[in-house]
Amino acid sequence: MNGNDKGAGVAERSMGFGLRALNRLAGSDLLDRIRVRKQVERALFQGTKNGFRTATAAGRTFNAAQKLTRPARQVPGKPRSLFDITPDDEQQMFQEAVRDFAEAKVRPAAQEADAERKIPADLLAQVNELGVNMLGIPEELGGVVQEQAATTTALVGEALAHGDMGIAYAALAPGAVATAIGHWGTAEQEATYLPAFSGEDVPAAALALLEPRPLFDPLKLETTARRDGEDWILDGAKSLLARAAECELFLVAAQAEDLGPALFVIESGGKGLSVQDEPAMGLRPAATGRLLLEGVRLPGAALLGEGDRDSYVECVQRARIAWSALAVGAAQAVLDYVIPYVNERTAFGEPISNRQAVAFGVSDIGIESSGMRLATYRAASRADQGQEFGREAALARKLCAAKGMAIGSEGVQLLGGHGFVKEHPVERWYRDLRAAGVMEGALLV
Amino acid sequence: MINLEIPKKFKPLASQANQVATEVFRPISRKYDEAEHSYPKELDMLASLIDGMNEGSDIGGAGAAGVRRESNGDGDGGNRNGSNLSTVLGIVELCWGDVGLLLSMPRQGLGNSAIASVATEEQLERYGGKWAAMAITEPEAGSDSASIRTTAKLDGDEYVLNGEKIFVTSGDRADLIVVWASLDPSKGRAAIKSFIVERDNPGLKLDRLEHKLGIRASDTANFILQDCRVPKEALLGSSEVEDKQGFGGAMQTFDNTRPLVAAMAVGVARASLERARELLAEAGLEIDYALPALCQPAAVSRYLEMEADYEAARLLTLQAAWMADNGKPNSLQASMAKAKAGRTCVDVALGCVELCGAAGYGEDELLEKWARDAKILDIFEGTQQIQLLIVARQLLGKSSAELR
């Protein structure tokens, strides 16, 4: 892992040197005089596009510690008879622990993590100790909850994202892989991979659905898996993976020959796998990167579970609930931040919150974030009760994408110029909240 | 234990209300939209039926009269699903049928909610079983209900009311009008009280009935109160001019009735969405929830956007009612629900007209009617702007003097 960090550092530094020289070259009129500017620019573009690739992390060896005769599964909860918005005791316990942690540790670390695109290793370890990456692991394999815990996971995501959405993404990404394996993996896959996720040294891992193109449809993937005898050969690219360079395990969605979209378990370090840094507008603490697959050969057993379409669609939908939950947390962070600001900031001799134009902006953040929260809880709770939840997940996602973005924007607007500078966190939330409309996969409830 | 589904015990009620909406309201919807001011006599039998439903159960009815603040819990570790929630669910279904007709339902007026909220046991007994309308707004005082000019002067054992009231829903049809008046206009909101006036009181004179954009089945009356004498016992709540509780007590009614109006908006929005979806399906457009909205036709994407807003409005409404059932202060959530449902309903109903083109705009369909009906739901029981004010004051911790 360290070797890779160092490698990236060298690559960055050499890129820095190169750019300095390049800038001098671009500024001189020599290029124009010798009429090669276009060619040089094109060469540079190609070089950057293909360059700065590194191999995936040299990961641990995953071995099946026990033999399961059949896959272990968390059971759906009993259908509930009454309408209720109060989390149960277990959920409150998780919620409070993560909320306190987010306030004490995550928020103070957020600004630097955003600037450096790096989260202190001990911070991730501490989040992990809260058990947040074990919520989808069946008890037989070291998990801590017996029943399906989509709602608990959503509450955890919300609470952590209230601290910081980018850190929340990085911290919860391994849990998504564990949950997917716990929900849909074969007995062998569960026994091989899940123990690592319930231990202390949880591997960085990524549930890779998103591809780098407009109008991405998770049900029509450009990443392909074709059969070669018993093996699968994968080709394609996956976008915005949290801590891509450190990942030891990937679950990659590919259009599988004869099957349609399906997930494949891929350990890092294999031939044909490489990662490329992929910095984005937000979620910067997660050090997002792109995974490239070129003729990656996998054994037949790498297909997650049966590779059935229903499981895959459910995975897509559960991910949407997870991103909605993160957006709810970040939206609440905006609300909690702007209230004291507009109450203290004075203009024309009184607090700006005495003006309706300002106050109504706060009202809208409050109203829409409450609606986002309820829609997200409803989808998660239906999933836990074994009810259909595709519609509810889609609506929560649509709502959180649209209102989350508007709330991020209004947060900056209410602080005016102060909102635009990095002295305040609202510009970060503006960037992060846009992710709720872009991301597919990556997180799971 | 988080669960945002309709509780099993209220499903029969919701289903009954839906049958009423389908079998009684929808078939006469267009008729009374056209025949404004004529009384929908079909509702008499229905009202008796609903009275019977209310009598026979402890879960509240499908109308406004069932609303009363509860505090004791039952089942599920103190969690309670009571009459506020069941009433909201009933209203959603009935307004999916026709909101104008719901507002015309005998004995289900907002005055009934006011009486149910603050009346003494004696008053409940005396006025129970009657149809009560609510008279707050005046020509010069709408949203600013603290500045009403109608006065009430104590004269022996009677109060004498003088003033003018407008926009009284079902005012001409109801048995009782709950009239807001000031005991002493110099003392501001603390002196404002509500009084129950019998419709046949000679001092209560009908001025005119309004012609409206929507909810035309429901009549909207304007009254002149001229030396209108009512017994002392007709005053609702305390007669003391206190600093805090007087006006607050009157306003407390709104915490209970705003979720009901939000529920009306949710019902109208759902009607529009469902019909638009059918018409879009006939035109070959299906909504796919697994596909990202932007990978589907623009009309589907717009539809999903509206449906998402509808989902938020609906859940905010259920939340406000659930809180009332559990004795939690819900003034903030009631206003959030009303604000979200009001604006969503208008956006959705108008949006569905646009999606369905001439079919949506024409009178062959009810979509255009729902779009006209929708607008009042973002206005009465506190306009959008008033809701935003209430929400802002609560979130920012501001008084009405600071944030006007």
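1. Quick look at the overall build of chain A
Across its full length, chain A carries 13 helices and 10 strands. Scored against the burial criterion, the 445 residues of chain A give a buried share of 52%.

2. Some points on the overall build of chain B
Summing up its helical and strand segments, chain B has 11 helices and eight strands in all. Going through the 404 residues of chain B one by one, you find that 54% of them count as buried.

3. Brief notes about the environment of Leu213 of chain B
Residue and element names in this part refer to chain B. In this structure, Leu213 sits in the loop between strand S6 (204–209) and strand S7 (220–231). Taking the C-alpha atoms as reference points, Leu213 and Lys8, 205 residues apart in sequence, are found 38 Å from one another. Ignoring sequence-local partners within four residues, the contact set of Leu213 consists of Arg372 and Lys375.

4. Remarks on the environment of Gly171 of chain B
Residues and elements named next belong to chain B. Within the element layout of this structure, Gly171 appears in the loop between strand S3 (158–169) and strand S4 (176–182). Sequence spacing of Gly171 and Ala269 is 98 residues, and the spatial spacing of their C-alpha atoms is 26 Å. Those residues in contact with Gly171 that sit more than four places away from it in its chain are Ala133, Ala135, Ile177, Ala221 and Phe223.

5. With respect to the interface of chain A and chain B
Accessible area lost on assembly of the parts is the figure often given for the size of an interface. On the chain B side, the residues contacting the 39 residues of chain A number 41 residues. With 13 residues, helix H10 (residues 356–384) of chain A is the single largest residue contributor to the side of chain A that touches chain B.

6. Focus on helix H10 (residues 367–377) of chain B
The element H10 of chain B is largely enclosed, with a buried count of nine among its 11 residues. By the burial criterion, the buried members of H10 of chain B are Leu367, Glu368, Lys369, Trp370, Ala371, Asp373, Ala374, Ile376 and Leu377 of chain B.

7. Details of the domain arrangement of chain B
All names here are of chain B. Parsing chain B into structural domains produces domain 1 (8–118), domain 2 (131–236) and domain 3 (246–396). The centre of domain 2, based on its C-alpha atoms, is set 30 Å off from the matching centre of domain 3. At the interface, 12 residues of domain 2 touch nine residues of domain 3. Among the elements that take part in the side of domain 2 that touches domain 3, strand S5 (residues 192–198) stands out by supplying three residues, more than any other. Within the side of domain 2 that touches domain 3, the residues separate by chemical class into seven nonpolar, three polar and two charged.

8. Notes on the nonpolar core
Judged by nonpolar contacts, the single largest core of 224 residues is most densely connected at Phe264 of chain A together with Val268 and Ala349 of chain B. Here the element with the most residues in this core is helix H9 (residues 309–344) of chain A; it accounts for 17 residues. Beyond its immediate stretch of four places on either side in the chain, Phe264 of chain A contacts Ala225, Trp232, Leu234, Val252, Ala254, Leu298, Ala302, Leu303 and Leu304 of chain A. By size, the runner-up hydrophobic cluster in this structure holds 40 residues, among which are Trp131, Ala132, Leu176 and Phe195 of chain B.

9. Quick word on the environment of Ala168 of chain A
All names here are of chain A. Mapped onto the elements of the fold, Ala168 is located in helix H7 (residues 165–184). With 115 residues separating them along the chain, Ala168 and Leu283 place their C-alpha atoms 8.9 Å apart. When residues no more than four places from it in sequence are discounted, the contact partners of Ala168 are Gly157, Leu160, Ala161, Gly163 and Leu326.

10. Quick word on the confidence of the model for chain A
Within chain A, residue pLDDT values average 91, and 89% of them lie at 70 or more. A low-confidence stretch, residues 1–18 of chain A stays under pLDDT 50, and its non-local contacts, those more than four residues away or across chains, total 12 contacts.

11. Things to note about the pairing of strand S3 (residues 224–228) of chain A
Residues and elements named next belong to chain A. Direction of pairing for S3 relative to strand S4 (residues 231–241): antiparallel, over a ladder of five bridges. Bridge assignment links Arg227 to a residue of S4, and that residue is Trp232. What sits between the antiparallel neighbours S3 and S4 is a turn of two residues, in which Gly229 has the positive phi angle 65°. Relative to strand S5 (residues 249–256), S3 runs parallel, the two being bridged by two bridges. Of the residues in S5, the one forming a bridge with Thr224 is Gln255.

12. Thoughts on the confidence of the model for chain B
Residues and elements named next belong to chain B. With 91% of its residues at a pLDDT of 70 or more, chain B shows a mean pLDDT of 90. For residues 57–76, every residue scores under 50 in pLDDT, and the model assigns this stretch 70 contacts once sequence neighbours within four places are set aside. Here the predicted complex carries an ipTM of 0.91, next to a pTM of 0.90.

13. Thoughts on the pairing of S3 of chain B
The two faces of a sheet get side chains in turn, since along a regular strand they alternate between them. Residue and element names in this part refer to chain B. Bridge count for strand S2 (residues 151–155) against S3 is five bridges, and the pairing is antiparallel. Note on S3: the bridge partner recorded for Ala152 is Leu161. Where S3 and S7 come together, nine bridges link them in antiparallel fashion. Across the sheet, Thr169 pairs through a bridge with Thr220, a residue of S7.

The rules behind these values
- Residues numbered from 1 in each chain as written.
- Chains lettered and ligands numbered in written order.
- Predicted model: local features only at pLDDT ≥ 70, side-chain atom pairs only at ≥ 80, totals over all residues.
- Helix = DSSP H or I, 4+ residues; strand = E, 2+ residues; numbered from the N terminus.
- Buried ≥ 20, exposed ≤ 12 C-beta atoms within 10 Å, placed from the backbone.
- Contact = placed C-beta atoms within 7 Å.
- Domains from an automatic or database assignment.
- Nonpolar A, V, L, I, M, F, W, Y, C, P; charged D, E, K, R; others polar.
- Core = buried A, V, L, I, M, F, W, Y, C linked by C-beta atoms within 7 Å.
- pLDDT = per-residue confidence, 0-100.
- Pairing = 2+ DSSP bridges.

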